[in-house]
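Each chain is listed here by its residues.
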Amino acid sequence: MIKAILIFNNHGKPRLSKFYEHYTEDTEQQIIRETFHLVSKRDENVCNFLEGGLLIGGSDNKLIYRHYATLYFVFCVDSSESELGILDLIQVFVETLDKCFENVCELDLIFHMDKVHNILAEMVMGGMVLETNMSEIITQAEAQSKMEKSEAGIAGAPARAVSAVKNMNLPEMPKNINIGDISIKVPNLPSFK
(Lines give C-alpha, C1' and ligand atoms only; values in the text may rest on other atoms or scores of the structure.)
Protein backbone atom coordinates (compact mmCIF):
# COMPACT_ATOMS: atom_id res chain seq x y z
CA MET A 1 0.00 0.00 0.00
CA ILE A 2 1.12 3.54 -0.73
CA LYS A 3 1.42 5.51 2.52
CA ALA A 4 2.26 8.91 1.06
CA ILE A 5 3.15 10.69 -2.16
CA LEU A 6 5.46 13.67 -1.82
CA ILE A 7 6.86 16.10 -4.34
CA PHE A 8 9.39 18.66 -3.21
CA ASN A 9 11.97 20.83 -4.92
CA ASN A 10 15.76 20.76 -4.54
CA HIS A 11 15.48 23.06 -1.52
CA GLY A 12 12.99 20.85 0.34
CA LYS A 13 9.91 23.00 -0.32
CA PRO A 14 6.90 20.68 -0.62
CA ARG A 15 4.98 21.11 -3.86
CA LEU A 16 2.53 18.26 -3.26
CA SER A 17 1.91 16.04 -0.27
CA LYS A 18 -0.75 13.38 -0.19
CA PHE A 19 -0.94 11.08 2.83
CA TYR A 20 -3.04 7.92 2.77
CA GLU A 21 -2.69 7.34 6.51
CA HIS A 22 -3.71 9.79 9.20
CA TYR A 23 -0.92 11.84 10.73
CA THR A 24 -1.08 15.13 12.59
CA GLU A 25 -0.05 18.16 10.57
CA ASP A 26 3.17 18.49 12.60
CA THR A 27 4.04 14.84 11.96
CA GLU A 28 3.35 15.27 8.24
CA GLN A 29 5.75 18.23 8.13
CA GLN A 30 8.39 16.20 9.99
CA ILE A 31 7.93 13.30 7.56
CA ILE A 32 8.41 15.67 4.62
CA ARG A 33 11.60 17.11 6.16
CA GLU A 34 12.96 13.68 7.08
CA THR A 35 12.17 12.26 3.64
CA PHE A 36 13.83 15.22 1.93
CA HIS A 37 16.99 14.77 4.00
CA LEU A 38 17.12 11.04 3.26
CA VAL A 39 16.56 11.42 -0.48
CA SER A 40 18.48 14.63 -1.25
CA LYS A 41 21.77 13.49 0.28
CA ARG A 42 21.96 10.45 -2.01
CA ASP A 43 24.18 10.41 -5.08
CA GLU A 44 22.60 10.45 -8.51
CA ASN A 45 24.18 7.11 -9.44
CA VAL A 46 22.67 5.02 -6.60
CA CYS A 47 19.40 3.09 -6.75
CA ASN A 48 16.11 4.92 -6.30
CA PHE A 49 14.77 2.99 -3.31
CA LEU A 50 15.77 3.12 0.32
CA GLU A 51 14.45 2.25 3.75
CA GLY A 52 11.72 4.57 5.03
CA GLY A 53 12.47 7.14 7.70
CA LEU A 54 11.62 6.52 11.34
CA LEU A 55 8.48 8.68 11.19
CA ILE A 56 6.99 6.90 8.16
CA GLY A 57 7.57 3.41 9.56
CA GLY A 58 11.29 2.65 9.43
CA SER A 59 12.49 -0.59 7.87
CA ASP A 60 8.91 -1.83 7.32
CA ASN A 61 8.46 0.84 4.66
CA LYS A 62 10.38 2.00 1.59
CA LEU A 63 10.96 5.32 -0.09
CA ILE A 64 10.91 5.04 -3.87
CA TYR A 65 11.82 8.20 -5.71
CA ARG A 66 12.86 9.82 -8.96
CA HIS A 67 14.65 13.13 -9.34
CA TYR A 68 13.59 15.16 -12.40
CA ALA A 69 15.28 18.54 -12.95
CA THR A 70 14.35 20.52 -9.81
CA LEU A 71 11.74 18.13 -8.36
CA TYR A 72 11.84 14.95 -6.31
CA PHE A 73 8.85 12.60 -6.72
CA VAL A 74 8.77 10.31 -3.66
CA PHE A 75 6.35 7.46 -2.95
CA CYS A 76 6.40 6.09 0.61
CA VAL A 77 5.17 2.48 0.44
CA ASP A 78 4.97 -0.62 2.62
CA SER A 79 6.85 -3.82 1.91
CA SER A 80 4.00 -5.31 -0.17
CA GLU A 81 4.60 -2.90 -3.07
CA SER A 82 6.96 -3.67 -5.95
CA GLU A 83 9.80 -1.17 -6.20
CA LEU A 84 9.91 -1.40 -9.99
CA GLY A 85 6.12 -1.11 -10.19
CA ILE A 86 6.21 2.11 -8.17
CA LEU A 87 9.09 3.49 -10.27
CA ASP A 88 6.93 2.83 -13.32
CA LEU A 89 3.97 4.55 -11.61
CA ILE A 90 6.15 7.60 -10.92
CA GLN A 91 7.15 7.63 -14.59
CA VAL A 92 3.50 7.44 -15.70
CA PHE A 93 2.59 10.25 -13.26
CA VAL A 94 5.37 12.52 -14.54
CA GLU A 95 4.62 11.78 -18.21
CA THR A 96 0.92 12.45 -17.60
CA LEU A 97 1.75 15.78 -15.94
CA ASP A 98 4.06 16.54 -18.86
CA LYS A 99 1.28 15.94 -21.38
CA CYS A 100 -1.32 17.89 -19.41
CA PHE A 101 0.94 20.91 -18.83
CA GLU A 102 3.17 20.69 -21.93
CA ASN A 103 6.61 20.34 -20.31
CA VAL A 104 5.60 20.41 -16.66
CA CYS A 105 7.63 22.55 -14.31
CA GLU A 106 7.52 23.47 -10.65
CA LEU A 107 5.28 26.49 -11.31
CA ASP A 108 2.63 24.23 -12.88
CA LEU A 109 2.46 22.27 -9.62
CA ILE A 110 2.11 25.50 -7.64
CA PHE A 111 -0.49 27.28 -9.79
CA HIS A 112 -2.51 24.23 -10.88
CA MET A 113 -2.55 22.27 -7.65
CA ASP A 114 -6.19 21.20 -8.13
CA LYS A 115 -5.47 19.70 -11.54
CA VAL A 116 -2.39 17.87 -10.21
CA HIS A 117 -4.48 16.42 -7.37
CA ASN A 118 -7.17 15.36 -9.87
CA ILE A 119 -4.58 13.54 -11.98
CA LEU A 120 -3.16 11.87 -8.89
CA ALA A 121 -6.66 10.86 -7.75
CA GLU A 122 -7.21 9.17 -11.12
CA MET A 123 -4.09 7.09 -10.50
CA VAL A 124 -4.11 6.40 -6.76
CA MET A 125 -6.95 6.37 -4.27
CA GLY A 126 -6.78 5.31 -0.64
CA GLY A 127 -3.19 4.19 -1.16
CA MET A 128 -4.13 1.71 -3.90
CA VAL A 129 -3.20 2.07 -7.57
CA LEU A 130 -6.32 2.54 -9.70
CA GLU A 131 -5.10 3.38 -13.18
CA THR A 132 -1.79 3.29 -15.02
CA ASN A 133 -3.04 3.88 -18.58
CA MET A 134 -1.86 7.39 -19.41
CA SER A 135 -4.44 8.08 -22.12
CA GLU A 136 -7.29 7.09 -19.77
CA ILE A 137 -5.90 9.31 -17.00
CA ILE A 138 -5.59 12.26 -19.41
CA THR A 139 -9.12 11.69 -20.74
CA GLN A 140 -10.56 11.77 -17.22
CA ALA A 141 -8.48 14.82 -16.22
CA GLU A 142 -9.68 16.72 -19.31
CA ALA A 143 -13.29 15.76 -18.56
CA GLN A 144 -12.85 17.07 -15.01
CA SER A 145 -11.37 20.35 -16.29
CA LYS A 146 -14.20 20.75 -18.79
CA MET A 147 -16.79 20.20 -16.06
CA GLU A 148 -15.06 22.70 -13.76
CA LYS A 149 -15.02 25.31 -16.53
CA SER A 150 -18.73 24.85 -17.20
CA GLU A 151 -19.48 25.15 -13.49
CA ALA A 152 -17.26 28.23 -13.22
CA GLY A 153 -19.46 29.87 -15.84
CA ILE A 154 -22.48 29.43 -13.59
CA ALA A 155 -20.68 30.17 -10.34
CA GLY A 156 -18.92 33.18 -11.80
CA ALA A 157 -22.16 34.79 -13.05
CA PRO A 158 -22.85 36.85 -9.87
CA ALA A 159 -19.30 38.20 -9.85
CA ARG A 160 -19.54 39.12 -13.54
CA ALA A 161 -22.89 40.82 -12.91
CA VAL A 162 -21.48 42.93 -10.06
CA SER A 163 -18.46 43.81 -12.19
CA ALA A 164 -20.72 44.84 -15.08
CA VAL A 165 -22.81 47.07 -12.81
CA LYS A 166 -19.70 48.69 -11.34
CA ASN A 167 -18.37 49.43 -14.82
CA MET A 168 -21.61 51.04 -16.03
CA ASN A 169 -21.39 54.79 -16.46
CA LEU A 170 -24.74 55.84 -15.15
CA PRO A 171 -25.23 59.56 -14.48
CA GLU A 172 -27.32 58.61 -11.46
CA MET A 173 -28.64 55.51 -9.81
CA PRO A 174 -31.92 54.34 -11.38
CA LYS A 175 -35.02 54.53 -9.17
CA ASN A 176 -36.89 51.71 -10.93
CA ILE A 177 -35.86 48.83 -13.14
CA ASN A 178 -38.47 47.72 -15.64
CA ILE A 179 -38.26 44.27 -17.19
CA GLY A 180 -41.29 43.55 -19.32
CA ASP A 181 -44.37 43.71 -17.01
CA ILE A 182 -42.20 43.70 -13.89
CA SER A 183 -41.13 46.89 -12.19
CA ILE A 184 -38.53 46.73 -9.42
CA LYS A 185 -37.99 49.65 -7.09
CA VAL A 186 -34.27 50.14 -6.40
CA PRO A 187 -33.45 51.00 -2.78
CA ASN A 188 -31.12 53.89 -2.02
CA LEU A 189 -27.68 52.32 -2.24
CA PRO A 190 -24.25 53.83 -1.70
CA SER A 191 -22.27 54.54 -4.81
CA PHE A 192 -20.41 51.58 -6.34
CA LYS A 193 -17.43 53.70 -7.30
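Quick caveat: nothing in here was measured; it's all calculated off a predicted structure.

Conventions adopted
Residues numbered from 1 in each chain as written. Predicted model: local features only at pLDDT ≥ 70, side-chain atom pairs only at ≥ 80, totals over all residues. Heavy atoms only, no water. Salt bridge = Lys/Arg side-chain N within 4 Å of Asp/Glu carboxyl O. Helix = DSSP H or I, 4+ residues; strand = E, 2+ residues; numbered from the N terminus. Buried < 20%, exposed > 50% of the residue type's maximum accessible area, 1.4 Å probe, protein only. Expected span 1.5 Å × (residues − 1). Arc of directions from axis to C-beta. Contact = heavy atoms within 4.5 Å. Pairing = 2+ DSSP bridges. Phe/Tyr/Trp six-rings, centres within 6.5 Å; stacked < 30°, edge-to-face > 60°. Lys NZ or Arg CZ within 6 Å of the ring centre and 35° of its normal.

### Thoughts on the pattern of salt bridges
Logical step 1: According to the stated counting rule, one finds 3 salt bridges in the structure shown.
Logical step 2: Its salt-bridge partner being Glu 21, residue Lys 3 comes within 2.8 Å of it at the nearest N-O pair. Of this pair, Lys 3 sits in strand β1 (residues 2-9) while Glu 21 sits in the loop between β2 (14-19) and α1 (25-40); the two residues are 18 residues apart in sequence, bridging distant segments of the chain.
Logical step 3: Here Lys 62 makes a salt bridge to Glu 83, at a shortest N to O gap of 3.2 Å. With a gap of 21 residues between them, Lys 62 in strand β4 (residues 61-68) and Glu 83 in helix α2 (residues 83-101) connect regions that are remote in the sequence.
Logical step 4: A relative accessible area of 14% places Lys 62 in the buried class.

### What to know about α2
Logical step 1: With 19 residues, α2 extends 27 Å between its outermost C-alpha atoms, agreeing within 8% with the 27 Å of an ideal straight helix rising 1.5 Å per residue.
Logical step 2: Looking at α2, one finds that the buried residues are Ile 86, Leu 87, Leu 89, Ile 90, Val 92, Phe 93, Val 94, Thr 96, Leu 97, Cys 100 and Phe 101.
Logical step 3: Phi turns positive, to about 50 degrees, at Glu 102, one or two residues after α2.

### Some words on α1
Logical step 1: Along its 16 residues, α1 runs 22 Å from first to last C-alpha, staying within 8% of the 22 Å computed at 1.5 Å per residue.
Logical step 2: Turning to α1, its buried residues are Ile 31, Ile 32, Thr 35, Phe 36 and Val 39. Summarising the axial view, the buried residues of α1 lie within an arc of 130 degrees, below the 170-degree limit, and thus occupy one face. α1 presents Asp 26 and His 37 as exposed residues on the side facing more than 90 degrees away from its buried surface.
Logical step 3: For α1, the elements touching its buried residues are β1, β2, β3 (49-51), β4 and β5 (71-78).

### Thoughts on the pairing of β2
Logical step 1: Bridging between β1 and β2 involves 5 bridges; their strand directions are antiparallel. Looking at the pairing, Ala 4 lines up with Phe 19 of β2.
Logical step 2: From the end of β1 to the start of β2, which pair antiparallel, there are 4 residues, and Gly 12 there has a positive phi angle of about 90 degrees.

### Brief notes about the pairing of β4
Logical step 1: Where β3 lies against β4, 3 bridges are found, and the strand directions are antiparallel. Considered in β4, the bridge of Glu 51 is made with Lys 62.
Logical step 2: Two elements, β4 and β5, share 8 bridges in a ladder whose sense is antiparallel. By the bridge assignment for β5, Lys 62 is matched with Val 77.
Logical step 3: The turn joining β4 and β5, which pair antiparallel and follow one another in sequence, is formed by 2 residues; a positive phi near 50 degrees is taken by Ala 69.

### Regarding the packing of aromatic side chains
Logical step 1: Applying the stated criterion across every chain, the model contains 6 aromatic pairs.
Logical step 2: Plain terms: the ring middles of Phe 19 and Tyr 23 are 5.7 Å apart, the flat faces sit at 70 degrees to each other, and that makes the pair edge-to-face.
Logical step 3: When its relative accessible area of 15% is taken as the criterion, Tyr 23 is described as buried.
Logical step 4: With 6.0 Å between their ring centres and 85 degrees between their planes, Phe 73 and Phe 93 make a pair best called edge-to-face. Of this pair, Phe 73 sits in strand β5 while Phe 93 is found in helix α2, placing the two residues 20 residues apart along the sequence. In terms of burial, Phe 73 and Phe 93 fall into one category: buried.
Logical step 5: Of the aromatic side chains, those joined through ring pairs into one cluster are Phe 8, Phe 36 and Tyr 72.
Logical step 6: The side chain of Lys 115 reaches across the aromatic face of Phe 101, ending 5.3 Å from its centre.

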